[in-house]
Each structure stands twice: as structure tokens, then as C-alpha cells.
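Structure assessment
Each chain, written out:
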Amino acid sequence: MGRGMMIGMTAMVAILVATVTVWLRLADETTLAPDDLGRGEYRLLRMDGSHFTQESLLGAPSLVFFGFTHCPDVCPTTLGDMAGWREDLGAEWERLRVFFVSVDPERDSAEILSDYVGWLPGLTGVTGAPEETASAIRAFRVFARKVPLEGGDYTMDHSSSILMFNASGGFFGTIAYQAPHDEALGKIRGLLGG
């Protein structure tokens, strides 16, 4: 087999892997089961030492985002979007509970999460043991997997939408990654009942 053919086959495999990854993300984010989303047996740890369970979604509208502190683009972009929403919503933002749940518990301790999200008031970092994180990932029907890198390091591939829950803990909808600013504000205001 010639060098050109090998390069062509390698490129085709890379395209296939990328296509499957995108399909899995889309399938994951469009087949959410609203009746039981977020419900399950998981017990994670918030930055302040309290626990994050399905009961954490009760009592106030919530935004839940699954990410990790070593994320090169999706997570910092989403946090930046949240900062813009907070600025425009003002006092309305204070009515929300906003959670950043780590999909990388091996590296994301409560202290590291506190440093990563602490600059954005109202955002709570959540982490936990790997088995509890896996339970939460299943309960919220999100996608997350470890991707090995050269040299023994790794990154995480994960769902990129923000999940919205009403004050009764019921699934309300999603905010897509890099959704237009006004669209995201409209969805959050709808969640807040106004």
C-alpha cells in the first residue's frame, strides 16, 4: 500500500471518528428523557463541602453544566457566556442555582474547581468520586468520555449544552453551546417565569 493511500485512509478514519463523536453528542442532547432527568442515586461534593444530589435541584430554578477545568475551549467559552448573562440579568441571576459539574474527578478537586469557577458569583463547582460522577452522568443523560493523548496525558470529550431545571426539579430544556445571547437570555427568563 502506497504512502498516499495510507494518508487517505488515515484521513477517512479521522473523519469517521469525528462524525461519530458529533452524532453521539447530538443524539445525547436530543434524546433527553424529561420525566427523570437529573434523578438518580448520586452524591457529589460542592466546593463548600455540602453535597450535590437530586434534591439540589429543588427549591429554585437551576442551570447545570458538565465540564472540566482542563477543557481547552467549550468550558471557558460557556463560563464567559454565563458571565454575560449574569451581567444582563442582574438581580434575576440571583434567583438561579448554577452548577458546574466536573466530568474529570481525577483532576478536579473541590479546591481546583473553586479556583476555576470562583470568579463568577453564583456558580457552584461540583465534583466527587469517579463512581458517583459516573452515576450523575447517567442520571443527567450527558455524554462524557476520557480521550487519551500522546505522552500519557488525556482530555475529556463531553456534552456541551446547559441543562435547565425548574424549581420543582423538572427538566425545562437546554441552552446550546454558543447559543445567541438573546436566545439564551430568553430561555433563562422563561425558566424564571418571566
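Here the structure is a predicted model, which means the values were calculated and not measured.

Relative to the assigned elements, Glu-55 resides in the loop between β2 (51-52) and β3 (62-67). Remark: the alpha-carbon pair of Glu-55 and Arg-39, spanning 16 residues in sequence, is separated by 8.6 Å. At 2.9 Å, the side chain of Glu-55 and the side chain of Thr-53 are in polar contact.

Relative to the helices and strands, Asp-104 is located in the loop between β4 (97-102) and α3 (110-117). Non-local contacts of Asp-104, meaning those with residues more than four positions away in its chain, are made with Gly-67, Phe-68, His-70, Tyr-154 and Met-156.

With that settled, the discussion passes to the packing of aromatic side chains. Tallied over the entire structure, the rule returns nine aromatic pairs. With 5.6 Å between their ring centres and 50° between their planes, Tyr-42 and Phe-140 make a pair best called tilted. Taken together, the residues span a long stretch of sequence, with Tyr-42 in the loop between α1 (3-30) and β1 (44-46) and Phe-140 in helix α4 (residues 130-140) at a distance of 98 residues. In this pair, the class of Tyr-42 matches that of Phe-140, namely buried. An angle of 55° between the planes, with centres 5.6 Å apart, marks the rings of Phe-100 and Tyr-116 as tilted. Here the residue Phe-100 occupies a position in strand β4, and Tyr-116 occupies one in helix α3, the gap between them amounting to 16 residues. Following the ring pairs from residue to residue traces out a cluster consisting of Tyr-42, Phe-52, Phe-66, Phe-99, Phe-140, Phe-165 and Phe-171. In this structure, Arg-107 packs its charged tip against the face of Tyr-154, placed 3.8 Å from the ring centre. The lysine or arginine in question, Lys-146, covers the ring of Tyr-154, its NZ or CZ lying 4.3 Å from the ring centre.

Where helix α2 (residues 74-89) meets helix α5 (residues 181-191), the closest approach of the two axes is 10 Å, and the angle between their N-to-C directions is 60°. Between α2 and α5 the crossing geometry is right-handed. Mapping the contact onto sequence places Gly-84, Trp-85, Asp-88 and Leu-89 in α2 and His-181, Ala-184, Leu-185, Ile-188 and Arg-189 in α5. Its residues placed into classes, the contact of α2 with α5 shows five nonpolar, two polar and two charged.

A few words on the nonpolar core. Phe-52, Leu-63, Val-64, Met-82, Trp-85, Phe-100 and Phe-140 are the most contacted members of the largest nonpolar core, which has 49 residues in total. Those residues in contact with Val-64 that sit more than four places away from it in its chain are Leu-57, Phe-99, Val-101, Phe-140, Ser-161, Ile-162, Leu-163 and Phe-165.

Once that is clear, we can look at the sheet that holds β4. Strand order in the open sheet formed by seven strands is β2-β1-β5-β4-β3-β8-β9, and the pairing between neighbours is mixed. In the strand order of this sheet, the two ends are held by β2 and β9 (171-175), each with one partner. Where β3 lies against β4, six bridges are found, and the strand directions are parallel. By the bridge assignment, Gly-67 is partnered in β4 with Ser-102. Sheet strands touched by α4: β1, β2, β3, β4 and β8 (162-165). Its angle to β3, the strand with the most contacts, is close to 125°.

So, how was this worked out
- Residues numbered from 1 in each chain as written.
- Predicted model: local features only at pLDDT ≥ 70, side-chain atom pairs only at ≥ 80, totals over all residues.
- Heavy atoms only, no water.
- Helix = DSSP H or I, 4+ residues; strand = E, 2+ residues; numbered from the N terminus.
- Polar contact = N/O pair within 3.5 Å; in protein donor to acceptor, adjacent residues only side chain to side chain.
- Contact = heavy atoms within 4.5 Å.
- Phe/Tyr/Trp six-rings, centres within 6.5 Å; stacked < 30°, edge-to-face > 60°.
- Buried < 20%, exposed > 50% of the residue type's maximum accessible area, 1.4 Å probe, protein only.
- Lys NZ or Arg CZ within 6 Å of the ring centre and 35° of its normal.
- Axes fitted to C-alpha atoms, helices over the stretch in contact; angles between N-to-C directions.
- Left-handed = near helix turned anticlockwise from the far one by under 90°.
- Nonpolar A, V, L, I, M, F, W, Y, C, P; charged D, E, K, R; others polar.
- Core = buried A, V, L, I, M, F, W, Y, C linked by side-chain atoms within 4.5 Å.
- Pairing = 2+ DSSP bridges.

Worth remembering: the numbers are spatial, not functional.
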